[in-house]
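Overview (structure and organization)
The residues making up each chain are set out below.
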Amino acid sequence: MKSTGFYHCDTCNNLAVLISTGKALLHCCNEPMEQLSAKETGSGQEEHVPVLSVSNNRLKVAIGAVEHPMTQEHYIQWIALQEGNHMESVRLRPGDKPEAEFSYHPFDEQQELFVGENDEIVPNCEGNPCNFVLTEQPAARSVVYAYCNQHGLWKAEI
Ligand SMILES: [Fe+2]
């Protein structure tokens, strides 16, 4: 079964992001691509799980609590932020710091709905007296992914 996510080719190391699903399986090198499952815990988590901090609408990401190596043989290839229906990624090279920074506006997609006495949604408070309850919809979940060329896909949720 195919679903949106990250897909890897074990033969050539191609990595694909499936944004929208169709009927066919993704193939590479004449084989079906493997859907990656992001880890949050387990062996190696100290060096791989993204560590997140938010300040002034900036999301700072460091990989991991113990800084991940960035050698030619073993490094974090990219870090990505998925925020609702938006995805942004930063590619890294050996020698770079295993870090990234993103613009972060977790409440942009939050909707303020005004709900009247009969649970109808009213566009604003035009009546007098104003008789509504403000309901805040939860913000979309944000996920930060990091991909290690040796240890695969890791994630942390905000
Ligand atoms: Fe690693």
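Data block above holds the structure.
The following paragraphs examine the structure supplied in this document.

Here the focus is the coordination of the iron ion. Within the protein, the atoms that donate to the iron ion are H48 (NE2), H68 (NE2), H74 (NE2), C148 (SG) and H151 (ND1), at distances of 2.1 to 2.3 Å. All donors to the iron ion come from one chain, and their sequence spacing reads H-x19-H-x5-H-x73-C-x2-H. Taken together, the residues span a long stretch of sequence, with H48 in helix 1 (residues 45–48) and H151 in the loop between strand 14 (142–148) and strand 15 (152–157) at a distance of 103 residues. Owing to a relative accessible area of 32%, H151 belongs among the partly exposed residues under this scheme.

To continue, consider the layout of surface pockets. The space that makes up the largest pocket amounts to roughly 330 Å³. Taken together, 20 residues make up the lining of the largest pocket; nearest its centre are T4, G5, F6, Q82 and Y145. Taken together, the residues of the lining of the largest pocket sort by class into 10 nonpolar, eight polar and two charged. If you add up the space inside the second largest pocket, you get close to 240 Å³. Considering the residues around the second largest pocket, the lining is formed by 14 residues, among which N13, L15, Q77, W78 and Y147 are closest to the centre.

Nonpolar side chains collect at one region of the surface, where V17, I19 and M87 lie side by side and expose about 300 Å² of accessible area between them. Tracing the sequence through the fold places M87 in strand 9 (residues 86–91). In this structure M87 comes out as partly exposed when scored by relative accessible area, which is 36%.

Here we take up the pattern of salt bridges. Evaluated as defined, the whole model comprises three salt bridges. A salt bridge links E101 to R58; its shortest N-O distance comes to 3.0 Å. Pair noted here: E101 is in strand 10 (residues 99–103) and R58 is in strand 7 (residues 58–63), with a separation of 43 residues, a long-range link. Classification of E101 as partly exposed rests on a relative accessible area of 39%. Take R58: its relative accessible area is 33%, and that puts it in the partly exposed class. Between K97 and E67 there is a salt bridge, and its shortest N-O distance comes to 2.8 Å.

Cut-off values and rules
- Residues numbered from 1 in each chain as written.
- Predicted model: local features only at pLDDT ≥ 70, side-chain atom pairs only at ≥ 80, totals over all residues.
- Heavy atoms only, no water.
- Donors = N, O, S within 2.8 Å, 3.2 Å for Na, K, Ca; no water.
- Helix = DSSP H or I, 4+ residues; strand = E, 2+ residues; numbered from the N terminus.
- Buried < 20%, exposed > 50% of the residue type's maximum accessible area, 1.4 Å probe, protein only.
- 1 Å grid on protein atoms, 1.4 Å probe; cavity = no way out; pocket = protein on both sides within 12 Å on 5 of 7 lines; lining within 4 Å.
- Points joined across faces, edges and corners; volume = space filled by probe spheres on them.
- Nonpolar A, V, L, I, M, F, W, Y, C, P; charged D, E, K, R; others polar.
- Patch = residues over 30% accessible without salt bridge, like charges linked within 9 Å, V, L, I, M, F, W, Y side chains within 5 Å.
- Areas by Shrake-Rupley, 256 points an atom, 1.4 Å probe, with all protein chains shown as cover.
- Salt bridge = Lys/Arg side-chain N within 4 Å of Asp/Glu carboxyl O.

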